[in-house]
Amino acid sequence: MPLFVEAGADQISVHQETCPHLDRTLRFIQSEGAMAGVVLNPATPIAMLEEVLEIADYVLIMSVNPGLADSI
């Protein structure tokens, strides 16, 4: 992720479903100087973010599952 920040990214989002240590990942992103966001797939309960809501700078809820647009 430092490479993204070096390239100019000021916000980095990670999928909750694929990140086993979400709290650590969010803190790492922030320590690199970027805002840290969490992305949820449509079927993922918002309650899954209960432990990281105080850490995350923003939350993005997808309107379709990843890859679905490719099949349309």
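Anything mentioned here points back to the structure above.
The structure contained in this document is the topic of the report that follows. (Residues numbered from 1 in each chain as written. Predicted model: local features only at pLDDT ≥ 70, side-chain atom pairs only at ≥ 80, totals over all residues. Heavy atoms only, no water.)

### Thoughts on the nonpolar core
Val-14, Leu-22, Leu-26, Ile-29, Val-38, Leu-49 and Val-52 are the most contacted members of the largest nonpolar core, which totals 14 residues. Aside from chain neighbours lying at most four places away, what touches Val-14 is Met-1, Leu-22, Thr-25, Leu-26, Ile-29, Gly-37, Val-38 and Val-39. (Core = buried A, V, L, I, M, F, W, Y, C linked by side-chain atoms within 4.5 Å. Buried < 20%, exposed > 50% of the residue type's maximum accessible area, 1.4 Å probe, protein only. Contact = heavy atoms within 4.5 Å.)

### Structural notes on the side chain of Thr-25
Looking at the secondary structure, you find Thr-25 in helix H2 (residues 22-31). For Thr-25, the residues in contact, after removing those within four places along its chain, are Met-1, Val-14 and Cys-19. (Helix = DSSP H or I, 4+ residues; strand = E, 2+ residues; numbered from the N terminus.)

### Observations concerning the pairing of strand S2 (residues 35-40)
Counting buried positions over the six residues of S2 gives five, a clear majority of the element. Pairing of strand S1 (residues 11-15) with S2 involves five bridges; the strand directions are parallel. Bridging from a neighbouring strand, Ile-12 pairs with Ala-36 of S2. What joins S1 to S2 is H2, and the crossover it makes is right-handed. Bridge count between S2 and strand S3 (residues 58-61): four bridges; the pairing is parallel. Considered in S3, the bridge of Gly-37 is made with Tyr-58. (Pairing = 2+ DSSP bridges. Right-handed = clockwise from strand over helix to strand, strands pointing away.)

### Here's the deal with a nonpolar patch on the surface
Judged by side-chain polarity, Ile-46, Leu-53, Val-59 and Ile-61 come together as a nonpolar surface patch covering roughly 360 Å² of accessible area. Along the chain, Val-59 falls in strand S3. By relative accessible area, Val-59 is classed as partly exposed at 37%. (Patch = residues over 30% accessible without salt bridge, like charges linked within 9 Å, V, L, I, M, F, W, Y side chains within 5 Å. Areas by Shrake-Rupley, 256 points an atom, 1.4 Å probe, with all protein chains shown as cover. Salt bridge = Lys/Arg side-chain N within 4 Å of Asp/Glu carboxyl O.)

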